[in-house]
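Each chain, written out:
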Amino acid sequence: MGFAISHISFSYGNDTVLSDISLSMEPGRFYGIIGPNGCGKTTLLDILVRNKKPEAGTVEYKGRNLGDYAKNDLAREVALVPQDFYVNFPFTVMETVLMGRHPYIPRFSAPSSKDIDMVGAVMAETGIEGFAHRHITELSGGEKQRVVFARALAQDTPVLILDEATSNLDIKYTLNLLNIAANRVKTEGRTVIAVMQNLNLAALYCDYWIFVKQGKIAGHGDID
């Protein structure tokens, strides 16, 4: 079982952003969330990762209310690549990617060899191993985005959520990262839920579209 969203709504003050949203997302699919700016796409993702709580309705994941998951337990299930990533402390790229392993590392313990191996593997896969020891604060916007993508892959979750995760990248790196995500869906049965602005890319990678307009689901279905 994946996500079961039932009649959720959310507002910022008097501004209703989501209204009576109901949707099911089964595992092993690449979902594309499409819609104009300001229609509630990012807010919907924030609710799925529990950064925000719906004012009405419920969200279940694997048959359990999302609010019943402990923070670390949910972090082992769902990883987010946000649209914007800000950090002021000069962590190295390797340290930043290693943050994705924190849900698996006991408190006051050092990373295991498995954690280090996982970080090395995803850095190589995403092509960022060449600046492993550079500080995240020294990188360009596109380089930071690749690092944050690698951090989410290191989290090794059944669900990967992408909030316009390739918006700062040129086409070469965009295709590389989307290929990585799509391959995990195809070969490992994982789930990708992606807000995408480029309809051509959405048609190429997604197998299910969700159209959002003015805070409501305007349509959804398989991509033939």
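Look up a bit, the structure's there.
Here the structure is a predicted model, which means the values were calculated and not measured.

Calculation rules
- Residues numbered from 1 in each chain as written.
- Predicted model: local features only at pLDDT ≥ 70, side-chain atom pairs only at ≥ 80, totals over all residues.
- Heavy atoms only, no water.
- Core = buried A, V, L, I, M, F, W, Y, C linked by side-chain atoms within 4.5 Å.
- Buried < 20%, exposed > 50% of the residue type's maximum accessible area, 1.4 Å probe, protein only.
- Helix = DSSP H or I, 4+ residues; strand = E, 2+ residues; numbered from the N terminus.
- Contact = heavy atoms within 4.5 Å.
- Pairing = 2+ DSSP bridges.
- Axes fitted to C-alpha atoms, helices over the stretch in contact; angles between N-to-C directions.
- Salt bridge = Lys/Arg side-chain N within 4 Å of Asp/Glu carboxyl O.
- Lys, Arg positive; Asp, Glu negative; His and termini not counted.

## Section: the nonpolar core
Here's step 1: Formed by 41 residues in total, the largest nonpolar core has its most connected members in Phe-30, Val-97, Phe-149, Leu-160, Leu-162 and Met-196.
Here's step 2: If one sorts the elements of this core by residue count, helix H5 (residues 141-154) sits on top with 7 residues.
Here's step 3: Once you skip the residues sitting within four places of it in the chain, Met-196 turns out to touch Phe-30, Ile-33, Ile-34, Leu-178, Leu-201, Ala-202 and Cys-206.

## Quick word on the sheet that holds strand S1 (residues 3-12)
Here's step 1: Pairing is antiparallel across the open sheet formed by 4 strands, whose spatial order is S2-S1-S4-S5. The two strands at the open ends of the sheet, each matched to only one other strand, are strand S2 (15-25) and strand S5 (64-65).
Here's step 2: Bridge count between S1 and strand S4 (residues 56-61): 5 bridges; the pairing is antiparallel. Residue pairing in the sheet places Ala-4 in a bridge with Glu-60 of S4.
Here's step 3: Against the sheet, helix H1 (residues 41-48) contacts S1, S2 and S4, and its axis sits at roughly 120° relative to S1.

## Structural notes on unusual backbone geometry
Here's step 1: Notably, Asp-20 is not glycine yet its phi reads approximately 55°, a positive angle.
Here's step 2: Relative to the elements of secondary structure, Asp-20 occurs in strand S2.
Here's step 3: Of the residues examined, Asp-20 reaches a relative accessible area of 48% and is grouped as partly exposed.
Here's step 4: The residue Gln-214 is not glycine, and still its phi comes out positive at about 50°.
Here's step 5: In this structure, Gln-214 sits in the loop between strand S9 (208-213) and strand S10 (216-222).

## Description of the sheet that holds S10
Here's step 1: Here 6 strands make up an open sheet; going across it, the order is S6-S7-S8-S3-S9-S10 and the pairing mixed. In this open sheet, the two edge strands, each paired with only one partner strand, are strand S6 (78-81) and S10. Between one strand axis and the next, the sheet turns through 15° on average, direction left out of account.
Here's step 2: Docked against the sheet, H5 engages S6 and strand S7 (159-163), running at close to 180° with respect to S6.

## Quick notes on the pattern of salt bridges
Here's step 1: Within the structure shown, the criterion is met by 10 salt bridges.
Here's step 2: Measuring nitrogen to oxygen at the nearest pair gives 3.0 Å for the salt bridge that ties Asp-46 to Lys-52.
Here's step 3: Residue Asp-46 is classed as buried on the basis of its relative accessible area of 14%.
Here's step 4: The salt bridge involving Glu-125 is made with Arg-184; its shortest N-O contact spans 3.0 Å. Linking Glu-125 in helix H4 (residues 113-125) with Arg-184 in helix H6 (residues 171-188), this pair joins segments that are 59 residues apart in sequence.
Here's step 5: With a relative accessible area of 31%, Glu-125 lands in the partly exposed category.

## A few points about the side chain of Arg-151
Here's step 1: For Arg-151, the position within the fold is in helix H5.
Here's step 2: The side chain of Arg-151 sits in the buried core without any salt bridge; Asp-46 is the nearest counter-charge, 11 Å away.
Here's step 3: When near neighbours in sequence (up to four residues on either side) are disregarded, Arg-151 contacts Pro-82, Phe-85, Thr-96, Val-97, Met-99 and Gly-100.

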